[in-house]
Amino acid sequence: MGELLRLPAETEWLEDKASNCDAAEIGSYISALANGAALANHDRGYLLWGIEDGTRAVIGTDFDPLQNKVGNENLENWLLRHLSPQIHFVFHRLTVAGRPVVVLEIDRASQRPVTFKSEAFIRIGSYKKKLSAHPDVERRMWKSFVLGTFEDGTAADGLSPSDVVQLLDYPSYFRVMKMPLPESRSGILDALAQEGMVKLDDSHTWALTNLGAMLFAHDLDEFSALRRKSVRVIQYRGNSRVETVKEQEGVHGYASGFAGLIRYINELIPSNEVIGQALRQTVKLYPELAVRELVANALLHQDFLITGSGPTVEIFDDRMEITNPGQPLVDPLRFVDSPPVSRNERMGQSDAPQRAL
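For the structure given in this document, a descriptive report is provided here. Along every chain, residues carry numbers that run from 1 in the direction the sequence is written. Residue-level local features of this predicted model are given only where pLDDT is at least 70; pairs of side-chain atoms are given and counted only at 80 or more, and the full residue set underlies all totals for whole chains, interfaces and linings. Heavy atoms from the whole structure form the basis of all side-chain values; hydrogens and water molecules are not counted.

### Re the pairing of strand S1 (residues 14-17)
Item 1. The rule is simple: take the accessible area with a 1.4 Å probe, protein chains only, and divide by the maximum for that residue type; under 20% is buried, over 50% is exposed, in between is partly exposed. Starting at the N terminus, helices and strands are each numbered in turn, a helix being any DSSP run of H or I of at least four residues and a strand any DSSP run of E of at least two. Taking every second residue as pointing to the same face, both faces of S1 are buried, with Leu-14 and Asp-16 on one and Glu-15 and Lys-17 on the other.
Item 2. Looking at chain direction, S1 and strand S2 (residues 44-49) are connected through four bridges and run parallel. Counterpart to Asp-16 in the pairing with S2 is Leu-48. For two strands to be treated as a pair, DSSP must find no fewer than two bridges joining them.

### With respect to the sheet that holds S1
Item 1. Ordered by their spatial adjacency, four strands build an open sheet running S1-S2-S7-S6, and the pairing between neighbours is mixed. Only two strands of the sheet have a single neighbouring strand rather than two, namely S1 and strand S6 (89-96). Direction aside, neighbouring strands of the sheet carry axes that sit 20° apart on average.
Item 2. Along the sheet face, helix H2 (residues 23-39) touches S1, S2, S6 and strand S7 (99-107) and points at about 145° away from the line of S2. To get an axis, a line is fitted to the C-alpha atoms, and for a helix only the part in contact is used. The angle between two axes follows their N-to-C directions and goes from 0 to 180 degrees. Contacts between residues were defined by any pair of non-hydrogen atoms, one from each residue, lying within 4.5 Å.

### Overview of the packing of helix H9 (residues 254-268) against helix H10 (residues 288-300)
Item 1. Across the interface, H9 lies against H10 with an axial gap of 11 Å and an inter-helix angle of 135°. Taken together, the axis directions place H9 and H10 in an arrangement best described as oblique. Crossing of H9 over H10 shows right-handed handedness. Facing Tyr-254, Phe-258, Leu-261, Ile-262, Ile-265 and Asn-266 of H9, the residues of H10 in contact are Glu-288, Val-291, Arg-292, Val-295, Ala-296 and Leu-299.
Item 2. Taken together, the residues that form the contact of H9 with H10 break down as nine nonpolar, one polar and two charged. Should an angle lie under 35 degrees it is considered roughly parallel, over 145 roughly antiparallel, and from 65 to 115 roughly perpendicular; all remaining angles are considered oblique. The sense of a crossing depends on the near helix, which, turned anticlockwise from the far helix by less than a right angle, makes the crossing left-handed and, turned clockwise, makes it right-handed. Each residue is assigned to one class: nonpolar for Ala, Val, Leu, Ile, Met, Phe, Trp, Tyr, Cys and Pro, charged for Asp, Glu, Lys and Arg, and polar for all the others, Gly among them.

### Describing the packing of H2 against helix H3 (residues 75-82)
Item 1. H3 packs onto H2 with a crossing angle of 50° between their chain directions and a minimal axis gap of 10 Å. The pairing of H2 with H3 is recorded here as oblique in orientation. Here the hand of the crossing between H2 and H3 comes out right-handed. On H3, the residues that touch Ala-23, Ala-24, Ile-26, Gly-27 and Ile-30 of H2 are Leu-75, Trp-78 and Leu-79.
Item 2. Of the residues assigned to the contact of H2 with H3, the class counts are seven nonpolar, one polar and no charged.

### Quick word on the nonpolar core
Item 1. To define a nonpolar core, start from buried Ala, Val, Leu, Ile, Met, Phe, Trp, Tyr and Cys residues and group those joined through side-chain atoms within 4.5 Å. In this structure, Leu-208, Phe-223, Ile-265 and Val-295 are the most contacted members of the largest nonpolar core, which totals 50 residues.
Item 2. Sequence-distant contacts of Ile-265, that is, excluding residues within four places in its chain, are made with Val-233, Val-291, Val-295, Val-313, Ile-315 and Met-320.
Item 3. Counting residues in each nonpolar core, the second largest holds 31 residues, with Ile-30, Leu-83, Ile-122 and Met-141 among its members.

### Overview of unusual backbone geometry
Item 1. With an omega of -10°, the peptide bond running from Ser-84 to Pro-85 counts as cis.
Item 2. Backbone geometry places Ala-97, a non-glycine residue, at a positive phi of 55°.
Item 3. Within the element layout of this structure, Ala-97 appears in the loop between S6 and S7.
Item 4. Here Ala-97 falls in the exposed class, since its relative accessible area comes to 63%.

### Things to note about the pattern of salt bridges
Once their charged atoms are close, side chains differing in charge can pair, the charge on each being opposite to the other.
Item 1. The salt bridge definition used is simple: a Lys or Arg side-chain nitrogen within 4 Å of an Asp or Glu carboxyl oxygen. As enumerated under the stated definition, the model contains 16 salt bridges in all.
Item 2. For the salt bridge of Lys-128 with Glu-25, the shortest nitrogen-to-oxygen distance reads 3.9 Å. Within this pair, whereas Lys-128 is found in strand S10 (residues 127-130), its partner Glu-25 is found in helix H2, the two being separated by 103 residues in sequence.
Item 3. The shortest N-O distance in the salt bridge between Arg-93 and Asp-64 comes to 3.5 Å. Of this pair, Arg-93 sits in strand S6 while Asp-64 sits in the loop between S2 and strand S3 (69-70), and the two are 29 residues apart along the sequence.
Item 4. We classify Arg-93 as partly exposed; its relative accessible area is 47%.

So, in structure tokens, the structure goes:
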């Protein structure tokens, strides 16, 4: 909050209000600030109550989002119902200089502009306008969506250096890269920043990118937007899904946990005994190299923008099925002769996943 108050004026992603609590006005500002944050390449937008417009002095507010209703419906639910896509936002009640202040934190728009009641808004100067009335701004916004990637998005921000090293399995990164572990924390952060795993944000605190979290998180459950992207391995009895023998959901990032994942899958794969000229040998039903390649491709080329599901490995007595979220970018009928097209190129081109996966 302190960093927001130190800004000299409002921006395209920051709006001050004294006490305006009209629900429709809040909804249109969510659209404008989410879109403004995307246009400014900022991770979030903010709407502040209890801050005087112009002077930015803390004057306090009696607005209480938890008590505010639209008809009989909770304000948050009403707003979410009229937003498309339904982006994440959250209200915070704080006390600043002894006065009550409310902060609405809004995720930036991604893939397309955020609309409220089917209308997209944007901040032009200090005014909120309809995006359709400014086609040049709308073109720049769509261009930012094309150039932006999931990997460059923010998984967690406002972090101290100690927070970063607690959230990331950084020794695994240096082990995978075959690099000596730096002696200082600043050396560790500099190396991670060069690879795009972390970055310094506008408030001079650290932000952890989706790339860093997905590859080297100690625990993916620490990140609300990524926790459903962990890998599930399910072993069934027989050739159907009627009876589950074992089910395990991954915890670590893809790169740091990949070796353990493949080892666990291979332990569950059925095997056959092959009798050679002199020795009896146990041979797995599927070669480990093939399993590694298929699982790695499922992890790297999933559609991370589909929420609520992640990669799944299902093992039956007669087969193994590996699935990931998203539709193929190439028509399945043209897999053989179509030029290669891939998702998440930033993740696939990074040295760390190439060496780990």
